[in-house]
Amino acid sequence: MDNNLRFNFHRKITGHLTFPLLAVTLLSSFGSSMLYGYNLAVVNSPAAHIKAFYNTTWFRRYGVGLAPARLTLMYSLTVSVFALGGLVGSLPVGVLVTQYGRNGTLVRSNVLVFLAGMLMGFSRYLESPEMVIFGRFITGVHSGICLSVVPMYLGEIAPKNLRGFLGLVPSIFICLGVFSAQVLGLPELLGEDAYWPLFLSLVVVPAFLQLILLHWFLESPRYLLIEKNNVLGATDALRWFLGKYDVQDVIEEMQEEKRSLASVETVSVWHLLLDPSVRWQVLSVVVINMGMQLSGIDAIWFYTNVIFENAGIPDPEIPYTTVGTGAIEVVAGLIGCFTIEKLGRRPLIIVGFCFMGICCAGITLSLILQATVSWMRYVSVACVIGIIAGFCMGPAGVPFLMTAELFKQSHRPSAYIVGGSLNWLSNFTVGFVFPFLQMSAGAFCYLVFCGVCLLVALYVYFIIPETKNKTFMEISHMFASRPSFLSSLPDSVKMIKFNGYGALENSSLELSGSGSNPP
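Small disclaimer: the values here were computed from a predicted structure and weren't measured.

Visitor: I would appreciate a short explanation of the overall build of the protein chain in the present structure.
Guide: Scanning the protein chain from terminus to terminus reveals 23 helices and four strands. The buried share among the 519 residues of the protein chain stands at 54%. The contacts of the protein chain with a sequence gap of at least 6 include a subset with a gap of at least 24, amounting to 80%. Only carbon and sulfur atoms are counted for the fraction: they give 68% of the accessible area of the protein chain, which is about 21,900 Å².

This is how it looks when you write it as structure tokens:
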């Protein structure tokens, strides 16, 4: 059979999207990104049951129940320790993807999920709140690894015209994970007191499917060629993923990147931070990854029921209102995924953050006025939905995609460590501090998130260029050729030499008209 026919036969779906590309994207997102979303929301609906378990166990151990402040602290730790685990998991990503590859790291990380599922599933039987907390920590470690590795893997196997589309598929699965946790948390399903350990430990199901299926798929061709110098393996992987025999143009593009990195080994985090050639890329990764979490989305996901309760929604209606928000998350994620290659990265992330900022301000206003205006409770619900929709359309997935796109192969693992660690540190901060911030600042706590969203949107608008349909080398050249910030300033505020001292040109600091010179 002709080689071209052999590699195109029943592989091509549409354009450059082939069955192997689609399958590995769905499978890696299902077994990794979906678990992240599920674990964000899984502690929301059984919160009262988990607190009761903590209180009862404490009483059996020490003969006295937990004080309300200590109980709030323990539950806040249960919620936020997931992010602390994510921070720990994000740190060894560079070593793992270099040692085991992108695919190999994802497959091996599933062992963590099985351990966490056992701890949380048997926690009530063994009367151990510590097992719940430690299980949440281990699921966080798994998500910390996968949340960096999945977009790295997909960004490296996807052709440039599909990199945005495939890069946002994991964000859809994050939304699906949140939605599935909200549905399963309904009282009619696993929302009762007897089922919360099972509810927490269901994470083992997607992990098991990924473990047995993902290792059948090939490794990233960029990893094979640039890092392992395996030209034959990279060629086979490209033919498999792209569904065509002639992949010489892609091989040449990767060879060009490899030649540009001939004298550069994989860069450490410290060298990345000190490298002036990627200063703007690093700053951009810091801003968008921290902004993603400090936007307040985790406060919404962790404490949705509490927010609706404070907004005056009747208790029986809260679980179903929460499920409604989850359905809107999925729809918004699909809109972002199917429009990113048409609109680009910048419009989705700018509009998403701006919309979230407006809705955060709307929550503050509605909570202030709901005591006097009865229908303001529905405005609160609408604003919560707006924050989630705005997030899922762009900020949920674009930061991970941009982290892959802004760096060459040598810098990419360290860039994911920087972005991932700051992302998880911000996640932990919001999850742990939000209950106390809400108690102290009341309705005004959402204005903090509003400010963060608007500042991030401004930064992206002025600093980050559009990366749609650009190769990694082209994106690198865009940043290298951009003018420095100081060179773009107006002449009226530029620094000039003033008798050996720096002064502002055309400013009042120049003692014009003075007959004396400074010493």
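Visitor: What's the story with the environment of L242 in this structure? I'm lost.
Guide: Tracing the sequence through the fold places L242 in helix α11 (residues 231-242). When its relative accessible area of 7% is taken as the criterion, L242 is described as buried. Remark: the alpha-carbon pair of L242 and T18, spanning 224 residues in sequence, is separated by 6.3 Å.

Visitor: How should the pattern of salt bridges be read in this particular structure?
Guide: A side chain with one charge may pair with a side chain of the opposite charge, provided their charged atoms come close. Under the counting rule described, the total for this entry stands at nine salt bridges. Across the pair E253 and R222 runs a salt bridge, and its minimum N-O distance is 2.6 Å. Here R222 lies in helix α10 (residues 221-227) and E253 lies in helix α12 (residues 248-260), a separation of 31 residues in the sequence. The exposure classification of E253 matches that of R222, with both residues buried. Taking the shortest distance from any N to any O, the salt bridge between E405 and R345 comes out at 2.6 Å. In this pair, E405 is assigned in helix α20 (residues 398-405) and R345 in helix α18 (residues 345-369), connecting sequence segments 60 residues apart. Each of the salt bridges in this network shares a partner with another, and the network as a whole consists of R102, E156, E227 and R412.

Conventions we followed
- Residues numbered from 1 in each chain as written.
- Predicted model: local features only at pLDDT ≥ 70, side-chain atom pairs only at ≥ 80, totals over all residues.
- Heavy atoms only, no water.
- Helix = DSSP H or I, 4+ residues; strand = E, 2+ residues; numbered from the N terminus.
- Buried < 20%, exposed > 50% of the residue type's maximum accessible area, 1.4 Å probe, protein only.
- Contact = heavy atoms within 4.5 Å.
- Areas by Shrake-Rupley, 256 points an atom, 1.4 Å probe, with all protein chains shown as cover.
- Salt bridge = Lys/Arg side-chain N within 4 Å of Asp/Glu carboxyl O.

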